[in-house]
Amino acid sequence: LKKSLKEFRKLINTLKRQKNKDEAKIHSFLVRNYWLLGIEYYSKPKKSAINEFGERTDKEVSAEDRSRPDIIIESVDGSKTAVFFELEEVKDKVIHRIGKKETGLFASDMIEAINQAVRYTIQAKLKGKYPKGKVVVGTIGKNKKWKAKFAEISEYLGNIEILTYDDLIEKAQKTIDFFENYEKNSQ
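Notes on the structure follow. What you see is a predicted model; the values in this text were computed from it and never measured. (Residues numbered from 1 in each chain as written. Predicted model: local features only at pLDDT ≥ 70, side-chain atom pairs only at ≥ 80, totals over all residues. Heavy atoms only, no water.)

**Thoughts on the overall build of the protein**
Part 1 of the argument: Along the backbone of the protein there are five helices and seven strands.
Part 2 of the argument: Element order for the protein, N to C, with α for helix and β for strand: α-α-β-β-β-β-β-α-β-α-β-α.
Part 3 of the argument: Residues counted as buried form 43% of the 187 residues belonging to the protein.
Part 4 of the argument: Within the protein, counting contacts between residues at least 6 apart in sequence, those at least 24 apart form 63% of the total. (Helix = DSSP H or I, 4+ residues; strand = E, 2+ residues; numbered from the N terminus. Buried < 20%, exposed > 50% of the residue type's maximum accessible area, 1.4 Å probe, protein only. Contact = heavy atoms within 4.5 Å.)

Structure below.
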């Protein structure tokens, strides 16, 4: 776990510095190390738009309009549940700015990612599933104001959670810390 988290941090930092966007690298890394999306998904059936080698797949098509969630994890609780992950670029804008000044609004990259997750969850609900959407986009560091906005919007949307790559790293580190402390305290 530590090794894959270290590699993920390195990948995110590398992608932040690159001129070009490369969403496939994130997808393929997370398919190989999907515990980073949440330890609760360990050993659950999953489908992905991009495989562990960075190649596109067709296994994930979930709707008549050929929309494709990036990762689908099914039967999270043993029922008809499905979690749809919409993974965006590390460099995608999260916060709308005019010049260097924040407007207090989400950037269009963020709005598009939320719209995709909403569409996937609506389509799944119409098919009798119990969906949840998770949007992972960009980075904002430890910006508490924006983290609070994400939480507020996620609460409003109900079944859509908004995360950044910073959040994935933070949650993964907490998972590792938990296991280390548990092991230490159980001896």
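**Observations regarding the layout of surface pockets**
Part 1 of the argument: Counted as a void, the largest pocket has a volume near 220 Å³.
Part 2 of the argument: Residue lining of the largest pocket: Lys 16, Val 90, Lys 91, Asp 92, Lys 93, Val 94, Ile 95, Arg 97, Thr 139, Ile 140 and Asn 143, and that is the complete set.
Part 3 of the argument: Of the residues contributing to the lining of the largest pocket, the split by class is four nonpolar, two polar and five charged. (1 Å grid on protein atoms, 1.4 Å probe; cavity = no way out; pocket = protein on both sides within 12 Å on 5 of 7 lines; lining within 4 Å. Points joined across faces, edges and corners; volume = space filled by probe spheres on them. Nonpolar A, V, L, I, M, F, W, Y, C, P; charged D, E, K, R; others polar.)

**Focus: the side chain of Ser 154**
Part 1 of the argument: By the element assignment, Ser 154 lies in helix 4 (residues 144-157).
Part 2 of the argument: The buried category is assigned to Ser 154, whose relative accessible area is 14%.
Part 3 of the argument: Of note is the side chain of Ser 154, whose polar atom sits 3.0 Å from the backbone nitrogen of Ile 162.
Part 4 of the argument: Setting aside chain neighbours within four positions, we find Ser 154 in contact with Ile 160, Glu 161 and Ile 162. (Polar contact = N/O pair within 3.5 Å; in protein donor to acceptor, adjacent residues only side chain to side chain.)

**Re the nonpolar core**
Part 1 of the argument: If you look at the biggest cluster of nonpolar residues, it comprises 27 residues, and the most contacted ones within it are Phe 8, Leu 30, Leu 37 and Tyr 165.
Part 2 of the argument: Those elements giving two or more residues to this core turn out to be helix 1 (2-17), helix 2 (23-32), strand 2 (71-74), strand 3 (81-87) and helix 5 (165-185).
Part 3 of the argument: If we ignore the near neighbours within four places in the chain, the residues touching Phe 8 are Phe 29, Leu 30, Leu 36, Tyr 165, Leu 168 and Ile 169.
Part 4 of the argument: Formed by 14 residues, the second largest nonpolar core is a distinct cluster that contains Val 94, Phe 106, Ala 113 and Ile 114. (Core = buried A, V, L, I, M, F, W, Y, C linked by side-chain atoms within 4.5 Å.)

**Description of the pairing of strand 6 (residues 130-136)**
Successive residues of a regular strand alternate their side chains across the two faces of the sheet.
Part 1 of the argument: Most of strand 6 sits inside the fold, with five of its seven residues counted as buried.
Part 2 of the argument: In terms of strand pairing, strand 3 meets strand 6 through seven bridges, oriented parallel. What sits directly across from Leu 87, in strand 6, is Val 136.
Part 3 of the argument: Direction of pairing for strand 6 relative to strand 7 (residues 160-163): parallel, over a ladder of four bridges. (Pairing = 2+ DSSP bridges.)

**Considerations on the packing of aromatic side chains**
Part 1 of the argument: Within the structure shown, the criterion is met by seven aromatic pairs.
Part 2 of the argument: Their ring planes at 65° and their centres at 5.5 Å tell us that Phe 178 and Phe 179 sit as a pair that is edge-to-face.
Part 3 of the argument: With a relative accessible area of 38%, Phe 179 lands in the partly exposed category.
Part 4 of the argument: Each residue in the set Phe 8, Phe 29 and Tyr 165 is aromatic and connected to the rest through ring pairs, giving one cluster.
Part 5 of the argument: Positioned above the aromatic ring of Trp 146, the side-chain terminus of Lys 149 is 4.6 Å from the ring centre. (Phe/Tyr/Trp six-rings, centres within 6.5 Å; stacked < 30°, edge-to-face > 60°. Lys NZ or Arg CZ within 6 Å of the ring centre and 35° of its normal.)

**Details of a nonpolar patch on the surface**
Part 1 of the argument: A cluster of nonpolar side chains, Leu 1, Ile 39, Phe 178, Phe 179 and Tyr 182, forms an exposed patch at the surface whose accessible area comes to about 510 Å².
Part 2 of the argument: Mapped onto the elements, Phe 178 comes out in helix 5. (Patch = residues over 30% accessible without salt bridge, like charges linked within 9 Å, V, L, I, M, F, W, Y side chains within 5 Å. Areas by Shrake-Rupley, 256 points an atom, 1.4 Å probe, with all protein chains shown as cover. Salt bridge = Lys/Arg side-chain N within 4 Å of Asp/Glu carboxyl O.)

**Concerning helix 3 (residues 108-126)**
Part 1 of the argument: Look at helix 3: 27 Å from first C-alpha to last across 19 residues, which is about the 27 Å you get at 1.5 Å a residue.
Part 2 of the argument: Along helix 3, the positions that sit buried rather than exposed are Met 110, Ala 113, Ile 114, Gln 116, Ala 117, Tyr 120, Thr 121, Gln 123 and Ala 124.
Part 3 of the argument: The first or second residue beyond helix 3 is Gly 128, which carries a positive phi of 85°. (Expected span 1.5 Å × (residues − 1).)

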